[in-house]
Amino acid sequence: MTSFTEQSNLIMRWRLLKDAVARYGVAIGGMGVIVAITLIMVYLLFVVIPMFQGASVDKVAEYTVPYPEERTLYLTMEEHADIGMRLTDQGRVIFFNTVDGSLRKEQLLPLPAGTSVTSWSAGTPASRIMAVGLSDGQVLLFHHHYKINFSEAKVEGGKPVREIVPQIRFPLGESPLRLDDRGRNIVRLAVESGEEQTTLVGLAGEEIKLLHIQRETSFLGGEATLTETRASIPRSSRGAISQILLDKEQRNLYVASGRDDLSHYDLFEKDAPDLKQHLSLFGGDQQLTSLRFLTGDISLLAGSDKGQVVQFFPVPEHRDSSTRELRRIRAFDDLGAPIQDIAPEYSRKGFLAIDAEGHLGIFHTTAHRTLLTENIAGSLQNVAISPRADAALMQSDNLLYFYDIHNEHPEISWSSLWGKVWYESYDEPAYVWQSSSASNDHEPKLSLVPISFGTLKAAFYAMLFAIPLSIMGAIYTAHFMAPRMRKTVKPSIEIMEALPTVIIGFLAGLWLAPYLERHLPGIFSFLIIAPFGLLLAAYAFHRLPGNLRHAIPEGWEAALLIPVVLLLGYLSFSASPWMEAVFFGGDIRIWMSQELGISYDQRNSLVIGIAMGFAVIPTIFSIAEDAIFAVPKHLVQGSLAMGATPWQTMVRVVLLTASPGIFSAVMIGLGRAVGETMIVLMATGNTPVMDMNIFEGMRTLSANIAVEMPESEVNSTHYRVLFLAGLVLFAFTFVVNTAAEIVRQRLRKRYSSL
C-alpha cells in the first residue's frame, strides 16, 4: 500500500514538474516572440528616424578674403570643397584653400587694354562655364577646371595624397567675343555652353543682344567650323533690367526687370526669339532681389526684399492645353530680411539662401521643408555651396566663413511621403513613386501613397476571390460533407498551402495572365453562367426520382457538381472567341478602351486576385473549417431536435458560435495577402499607379522593397524610405491583428453562452 502511495506521489510530482516546465516554456517562448517583434520595430525606427532630422552647420574657419580691396562677383568651390574660387570686379580669378584662406593660385583674365569688367555670368555647375562682360561690348568666356593627381611621393595612412591643381581654360580662345557692335557696356549677362553650341545674351545700353555660336566638326578631317547667329531681343518692359537667366538647353531665356517683372522668351529660333509670357513674380507687393535656377534649370527661385523665396515652374495654362506658362508653386517665408543670394544644390532640389541680416536658410523644394535658419554674421552678400552639398562658403564684407553642412535627407517630409506634391514638369499635384532616374538632376518622388494603395488593392481583390470560396467551402466541408469525403478534401486543400508562392507567381505571370487576356469574354460569361448553371443543376437533382436521389450517399452530393463546373467552364471559354468576335468587334480590350474608357494591362489585378486568392484560400479554409467543426455537437443536435433544418442550424447556431474563429481566419488571410511578395512581384507590371480598375496592375509595399532594396545605397534616403515602407507594413499588420483580436474576443464573449 505504501509503495502504491509513493508511486502515485512520484507520478504526481512528475506531472507537476512537466506542467511547470511547459508553463514556463510557453511563457518564455511568448516573451521571446514579443521581444523579437519589439527589436524588429526598434531597428526599423533606428533606420527611419534620421530621415526626419533637420540640417545642421558647423563653423570650420573664418578669414579675410584674398585681395579684400576688390569686390567679389562670384564664389564657388570644387567637388571636394578643398579649394574655393573667387571672381572679382578687376577680372581676377583667385583660388584659395577653404579651411584657412591661404592662396593657391591667382590669375588675371586677359582683358583687352582699357577695358573693365561690367558684368558676369555663370553657367550650369557641371559645365563650370563663366563669362565676364566688358566695357567695350565684348564678352570673355572661360571655365575653371580642377585637375586631380595622386602623388606617390606624399603618402598618408598608406595611401597617396590627393592633389588638386586649379586651372583656367578658354574654350573659345583667349580673345573676347564681340556681343555689341556699338561698343557699349555689357550691363547684364547670361551664358551657357555645351559641346556643340554656346549662347550669350547681354544687355548693352537699352538693347538685349544675343550671340549664338554653333560648332560643327567635319567627320573626315576633324576640322571645326564655328557659325555665328546674332539677334536683338525685343523688350516687354521698360523697367531697368536686373537679371538675365539662360537655361542649360539654351532654349529658355528669362529677363527680370522693374520691381518684379519677368519676361520669358523661347530661343528655339535663335535669330527670332519669341516672347512667351510676361508676369509679375510677387504681384507688385515685393521687390525682386535674387533670381536663380533650381538644379535642372526647370524651376526658378525668386528672392524678395521681404525675405521670401518663391519657386516657379512651367505648367499648362489649363487642362488639355499644350501651352505652358510659369506659375507660382510654393513659397518659403523663413527669412525676414531682403534675400541677398541663393545657391541651389548641384544634384538635389534644395538650396541655400542668405539675407541682409546675416541669416542662412537651408531649404528643399519638393519636400517644401525648411531645414535650418541660423544667424551667421551681421550681413551676408555672397554664398556658395559645394557640389556635394556638404559645405558652404559665405562672404560678409571682407570676411569669408567656411561651414560644414550636415543635411543627409532633405527630401523627406510628411507632405512628400503622404501628400500630393506638385513635381516639376507635372500638370498638377500628384501621388507619385519614382525613386530613381537616368538624369543627374532627377527630382525623387517618394510618395508612399501609391504603393500603400497597391497593397490594399491587391489584398482587396485577393480577399474578394478567396473569402467566399474558402468560407463557403469550410461551411460545407465541416457541416454537410460526409466524414469520409471530408478526410480527403480537407488535407487536399491544406496541402495547397505548402505550394511555394514563387511557383504560383511564375504560373500566374507566364501562363494565367496571357490565358485570361485571350479568353476575357469567357471569364465574364463564366461568372454569369456558373451561378445559374449550379442552381439549375441543383433543381434538376431535386426533381430526380427519389430512388435515384437516395442512391447518392448523404454528404457526397458535392461530388456531382465537379463535372457541372468543369462543363460550364469549358462552354464559357470555348465560346469566348465567338463572343469576342460578335459582341466586341474582335478585340474586347480595344472595345473597353474606346467604349468604356477602361485600359487593359495583361498583368493586372484580376490575375492577382485569382493567383493570390488561390494562395490565401488554404489558410482561411483550414482555420474556418476547424472553428466550424469544433462547435459542440450538443448545440447542433439540440437545434435539429427542436425542428430546425440543417441550414437554419448552420446560420443561427453554428456560424454564431464559430464566428470568432471565422473572423480570425479572415484576418490571418488578410495579413497573408497584405504581406505577399512573390506573386505580386511576378504577376503584375509593378507600376505604382492609383487606379481601382481591375484590369490595371499595381505595386505593393512588399514587392517594392524586394525590387528596389538590392539597388539602393546603404543609409541613403532611398534606402531609409524602403525601411519606412517596411515599418508601415509592420504597423498595418500590427493594427489589423490587434483590432481583429479585440473583435474576436468580443465575439467569443458574446456567443460563448450558446
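Provided above is the structure to which this section pertains.
A quick note: this is a predicted structure, and the numbers were derived from the prediction, not measured.

Enquirer: What should I look at first to understand the pattern of salt bridges in this one?
Expert: Opposite charge on two side chains permits pairing when their charged atoms draw close. Summed over the entire model, instances satisfying the criterion amount to 24 salt bridges. The closest approach of N and O atoms between Lys-276 and Asp-274, which form a salt bridge, is 3.7 Å. Residue Asp-274 is classed as partly exposed on the basis of its relative accessible area, which comes to 37%. A salt bridge links Glu-708 to Arg-699; the nearest nitrogen and oxygen atoms lie 2.8 Å apart. Both residues of the pair, Glu-708 and Arg-699, belong to the buried class. Members of the salt-bridge network, linked through shared partners, are Asp-180, Arg-182, Arg-184, Glu-207 and Lys-209.

Enquirer: What should I look at first to understand helix α8 (residues 558–574) in this one?
Expert: Side chains of residues three or four places apart in an α-helix project in the same direction, reflecting 3.6 residues per turn. For α8, built from 17 residues, the straight-helix expectation of 24 Å at 1.5 Å per residue is met to within 8% by its first-to-last C-alpha distance of 25 Å. The set of residues buried in α8 consists of Leu-568, Gly-569, Ser-572 and Phe-573. Looking down the long axis of α8, one finds its buried residues gathered within 120 degrees of arc, a one-sided arrangement. Facing away from the buried side of α8, by more than 90 degrees, are the exposed residues Leu-566 and Tyr-570. For α8, the secondary structure elements touched by its buried residues are α5 (501–518), α6 (520–542) and α9 (576–583).

Enquirer: Explain the sheet that holds strand β24 (residues 350–355) here, please?
Expert: By definition, the strands of a sheet pair up through backbone hydrogen bonds, in either a parallel or an antiparallel sense. In spatial order, the strands read β23-β24-β25-β26; together these four strands make up an open sheet with antiparallel pairing. Looking at strand neighbours, the two that pair on one side only are β23 (339–344) and β26 (369–375), the edges of this open sheet. The average undirected angle you get between the axes of adjacent strands in this sheet is 15 degrees. Note that β24 and strand β25 (residues 359–364) share five bridges and pair antiparallel.

Enquirer: What should I look at first to understand the pairing of β23 in this one?
Expert: A regular strand carries its side chains on alternate faces of the sheet. A large share of β23 lies buried, amounting to five of its six residues. Relative to β24, β23 is paired through five bridges, and the arrangement is antiparallel. From the neighbouring strand, Asp-341 faces β24, where its bridge partner is Ile-354.

Enquirer: I tried to follow the sheet that holds strand β13 (residues 207–217) on my own but got confused; where do I start?
Expert: Judged by pairing direction, the sheet is antiparallel, and its four strands sit side by side in the order β11-β12-β13-β14 without closing on themselves. Strand pairing shows two members of the sheet lacking a second neighbour, β11 (186–193) and β14 (224–233), which therefore form its edges. Going across the sheet, the axis of each strand differs from the next one's by a mean of 15 degrees, ignoring polarity.

Enquirer: What is the right way to look at the packing of helix α12 (residues 633–641) against helix α13 (residues 646–675) in this model?
Expert: The contact between α12 and α13 brings their axes to 10 Å, and the two run at 145 degrees. Pair α12 / α13 crosses with right-handed handedness. Along the contact surface, α12 presents Leu-635, Val-636, Ser-639 and Leu-640, while α13 presents Pro-646, Thr-649, Val-653, Val-654 and Thr-657. Each residue belonging to the contact of α12 with α13 can be placed in one class, and the counts come to six nonpolar, three polar and no charged.

Enquirer: So what exactly am I meant to see when it comes to the nonpolar core here?
Expert: Nonpolar side chains in soluble globular proteins generally cluster together in the buried interior. In this structure, Leu-448, Ile-608, Met-612 and Ile-628 are the most contacted members of the largest nonpolar core, which totals 80 residues. Looking at which element gives the most residues to this core, the answer is helix α11 (residues 605–629), with 13 residues. By size, the runner-up hydrophobic cluster in this structure holds 20 residues, among which are Ala-55, Leu-360, Leu-372 and Ile-405.

Enquirer: I'm lost on the pairing of strand β28 (residues 391–396) in this one. Help?
Expert: Taking burial as the measure, the six residues of β28 include six buried ones, the bulk of the element. Judged by which residues are buried, β28 turns out to be covered on both faces: Ala-391, Leu-393 and Gln-395 on one side and Ala-392, Met-394 and Ser-396 on the other are all buried. Of the strand pairs in this sheet, strand β27 (residues 382–385) and β28 are connected by four bridges, and their pairing is antiparallel. Within β28, the position partnered with Ala-384 by the bridge is Leu-393.

Enquirer: What is the right way to look at unusual backbone geometry in this model?
Expert: Glycine aside, the phi torsion of most residues is negative, and most peptide linkages are trans. You will see that Ala-81, though not glycine, has its phi angle at about 60 degrees, which is positive. Structurally, the position occupied by Ala-81 is in the loop between β2 (72–77) and β3 (83–88). A relative accessible area of 5% means that Ala-81 is categorised as buried. One non-glycine residue with positive phi stands out, namely Asn-686, at about 55 degrees. Structurally, Asn-686 can be placed in the loop between α14 (678–683) and α15 (701–708).

Enquirer: Can you help me understand the packing of α5 against α11 in this one?
Expert: A pair of packed helices is characterised by two quantities: the angle between their axes and the separation of those axes. Running from amino to carboxyl end, α5 crosses α11 at an angle of 140 degrees, the nearest separation of the two axes being 10 Å. Overall, the two elements α5 and α11 adopt an arrangement that is oblique. With respect to the hand of their crossing, α5 and α11 are arranged in right-handed fashion. Here Ile-504, Ala-508, Leu-512, Ala-513 and Leu-516 of α5 come into contact with α11, specifically with Leu-606, Val-607, Ile-610, Ala-611, Phe-614 and Ala-615. Residues belonging to the contact of α5 with α11 are distributed by class as follows: 11 nonpolar, no polar and no charged.

Enquirer: Help me out: how do you make sense of the environment of Ala-624 in this one?
Expert: By the element assignment, Ala-624 lies in helix α11. Taking the relative accessible area as the measure of exposure, Ala-624 reaches 0% and is therefore buried.

Enquirer: How should a negative patch on the surface be read in this particular structure?
Expert: Together, Asp-58, Asp-390, Asp-404 and Glu-408 line one region of the surface with negative charge. The topology assignment puts Asp-58 in strand β1 (residues 56–64). Asp-58 sits in the partly exposed class, given a relative accessible area of 40%.

Enquirer: Even after reading the chapter, I still don't get the packing of aromatic side chains, so can you show me in this structure?
Expert: Here a ring pair, both rings aromatic, is described through the centre-centre distance and the interplanar angle of the planes. Taken as a whole and judged by the stated rule, the model has 21 aromatic pairs. The interplanar angle of 55 degrees and the centroid separation of 5.3 Å between the aromatic rings of Phe-332 and Phe-363 together place this pair among those described as tilted. In this pair, Phe-332 is assigned in strand β22 (residues 324–332) and Phe-363 in strand β25, connecting sequence segments 31 residues apart. Taken individually, Phe-332 and Phe-363 each receive the classification buried, so the pair is uniform in this respect. With a centroid separation of 5.7 Å and an interplanar angle of 20 degrees, the aromatic rings of Trp-511 and Tyr-515 are classed as stacked. You can see Trp-511 and its partner Tyr-515 sitting in helix α5, four residues apart, about one turn around the helix.

Rules used in this analysis
Residues numbered from 1 in each chain as written. Predicted model: local features only at pLDDT ≥ 70, side-chain atom pairs only at ≥ 80, totals over all residues. Heavy atoms only, no water. Salt bridge = Lys/Arg side-chain N within 4 Å of Asp/Glu carboxyl O. Buried < 20%, exposed > 50% of the residue type's maximum accessible area, 1.4 Å probe, protein only. Helix = DSSP H or I, 4+ residues; strand = E, 2+ residues; numbered from the N terminus. Expected span 1.5 Å × (residues − 1). Arc of directions from axis to C-beta. Contact = heavy atoms within 4.5 Å. Pairing = 2+ DSSP bridges. Axes fitted to C-alpha atoms, helices over the stretch in contact; angles between N-to-C directions. Left-handed = near helix turned anticlockwise from the far one by under 90°. Nonpolar A, V, L, I, M, F, W, Y, C, P; charged D, E, K, R; others polar. Core = buried A, V, L, I, M, F, W, Y, C linked by side-chain atoms within 4.5 Å. Parallel < 35°, antiparallel > 145°, perpendicular 65-115°, else oblique. Patch = residues over 30% accessible without salt bridge, like charges linked within 9 Å, V, L, I, M, F, W, Y side chains within 5 Å. Areas by Shrake-Rupley, 256 points an atom, 1.4 Å probe, with all protein chains shown as cover. Lys, Arg positive; Asp, Glu negative; His and termini not counted. Charge placed at Lys NZ, Arg CZ, Asp CG, Glu CD. Phe/Tyr/Trp six-rings, centres within 6.5 Å; stacked < 30°, edge-to-face > 60°.

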